[in-house]
Amino acid sequence: MNASTQSLTLQGHSGAMEALLDTPSGMALVGTAVIAHPHPLFGGTMQNKVVQTMARAFVQCGWQAVRFNFRGVGSSAGTYDEGRGEAEDMLALVEQVAPQGPLALAGFSFGAFVTSHVAKALAQQRRVDRLVLVGTAASRFEVAPVEPDLHDRTLVLHGERDDTVPLASVMDWARPQSLPVTVIPGVEHFFHGQLPLLKSLVARHLRA
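Summary of the structure given here. (Residues numbered from 1 in each chain as written. Predicted model: local features only at pLDDT ≥ 70, side-chain atom pairs only at ≥ 80, totals over all residues. Heavy atoms only, no water.)

## Observations regarding the overall build of the protein chain
Working step 1: Counting its secondary structure elements, the protein chain contains 5 helices and 8 strands.
Working step 2: Taken from N to C terminus, the helices and strands of the protein chain fall in the order β-β-β-α-β-α-β-α-β-β-α-β-α.
Working step 3: In terms of overall dimensions, the protein chain is globule-like: its C-alpha atoms have a radius of gyration of 15 Å, near the 17 Å expected for 208 residues.
Working step 4: Projected onto its principal axes, the C-alpha positions of the protein chain cover 40 × 40 × 35 Å.
Working step 5: When each of the 208 residues of the protein chain is scored for burial, the buried share is 58%.
Working step 6: Expressed as a percentage of contacts within the protein chain between residues at least 6 apart in sequence, the contacts between residues at least 24 apart total 73%.
Working step 7: Carbon and sulfur atoms provide 50% of the accessible area of the protein chain, an area that totals close to 9,100 Å².
Working step 8: Side-chain charges in the protein chain split into 16 positive and 18 negative, and the spacing between the mean points of these groups amounts to 7 Å. (Helix = DSSP H or I, 4+ residues; strand = E, 2+ residues; numbered from the N terminus. Rg over C-alpha atoms; globule rule 2.2 N^0.38 Å. Buried < 20%, exposed > 50% of the residue type's maximum accessible area, 1.4 Å probe, protein only. Contact = heavy atoms within 4.5 Å. Areas by Shrake-Rupley, 256 points an atom, 1.4 Å probe, with all protein chains shown as cover. Lys, Arg positive; Asp, Glu negative; His and termini not counted. Charge placed at Lys NZ, Arg CZ, Asp CG, Glu CD.)

Put into structure tokens, the structure is as follows:
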């Protein structure tokens, strides 16, 4: 993302996991954000532009941001596991990069699905200070509900014209929870031409 981006090798359940760390400069560190990328079988990596944009928003707001490649992507060991192993790996990474202190979780598309299950798994163990789910793949996977006490600290963002995950499926997931969804008019799944707006909305949520 920039000259100060650090490469990390962390340990997942299938072996080494490739990751990148971006740290804010000139300000006090708020906490650590762990950010998950889109579907591994369809070109998703930690270099995805939506993932990078979320990382920039977190860093701008004083969080250190950790992006990582799911198992089987880049130099990360293992093979695709339909979200189960990916969630286990993300939990293992949280333990390594943020064993204590303020924690934020974020994900895009398939990564939002995985992140939802990680947030659910952590609910009884520790506080998640911010949750950001973008382009949540509710039409393709069984996305976990967000714990009621986390709703105020959760941002769900979706494009009105998302042609990969229809907005209606996200509303069907959110409606039983009375969980608000922020809809961006005219935007499709990958936020082409609207990444600055995405960054602004995430940053506003982090500063709230």
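## Here we look at helix α3 (residues 110-122)
Working step 1: The end-to-end C-alpha distance of α3 is 19 Å, a good match for the 18 Å that 13 residues give at a rise of 1.5 Å each.
Working step 2: By the criterion of burial, α3 is predominantly enclosed, with 10 of the 13 residues buried.
Working step 3: Within α3, the full set of buried residues consists of Phe 110, Gly 111, Ala 112, Phe 113, Val 114, Thr 115, Ser 116, Val 118, Ala 119 and Leu 122.
Working step 4: Buried residues in α3 make contact with β3 (31-36), α2 (84-97), β5 (103-108) and β6 (130-134). (Expected span 1.5 Å × (residues − 1).)

## A word on the side chain of Arg 126
Working step 1: Note that Arg 126 resides in the loop between α3 and β6.
Working step 2: There is a polar contact of 2.9 Å between the side chain of Arg 126 and the backbone oxygen of Gly 101.
Working step 3: Setting aside chain neighbours within four positions, we find Arg 126 in contact with Val 94, Ala 98, Pro 99, Gln 100, Gly 101 and Leu 103. (Polar contact = N/O pair within 3.5 Å; in protein donor to acceptor, adjacent residues only side chain to side chain.)

## Looking at the packing of aromatic side chains
Working step 1: One pass over the structure, following the stated rule, counts 8 aromatic pairs.
Working step 2: On the basis of an interplanar angle of 85° and a centroid distance of 5.5 Å, the ring pair of Phe 70 and Phe 110 is categorised as edge-to-face. Of this pair, Phe 70 sits in the loop between β4 (63-68) and α2 while Phe 110 sits in helix α3, and the two are 40 residues apart along the sequence.
Working step 3: A relative accessible area of 1% places Phe 110 in the buried class.
Working step 4: Through a chain of ring-to-ring contacts, the aromatic side chains of Phe 68, Phe 70, Tyr 80, Phe 110, Phe 113 and Phe 141 assemble into a single cluster. (Phe/Tyr/Trp six-rings, centres within 6.5 Å; stacked < 30°, edge-to-face > 60°.)

## So, the environment of Pro 38
Working step 1: Relative to the helices and strands, Pro 38 is located in the loop between β3 and α1 (49-60).
Working step 2: Judged by its relative accessible area of 7%, Pro 38 is buried.
Working step 3: Spatially, the C-alpha atom of Pro 38 lies 9.6 Å from that of Val 114, the residues being 76 residues apart in sequence.
Working step 4: Apart from the residues lying within four places of it in its own chain, the contact partners of Pro 38 are Gly 44, Thr 45, Asn 48, Val 51, Phe 70, Phe 108, Ser 109, Phe 110 and Gly 111.

## A short note on unusual backbone geometry
Working step 1: One non-glycine residue with positive phi stands out, namely Glu 82, at about 60°.
Working step 2: Residue placement: Glu 82 occurs in the loop between β4 and α2.
Working step 3: Accessibility expressed as a relative area gives 44% for Glu 82, which makes it partly exposed.
Working step 4: For Ser 178, which is not glycine, the phi torsion reads 55° and is therefore positive.
Working step 5: Summarising the element assignment, Ser 178 is placed in the loop between α4 (167-174) and β8 (182-184).

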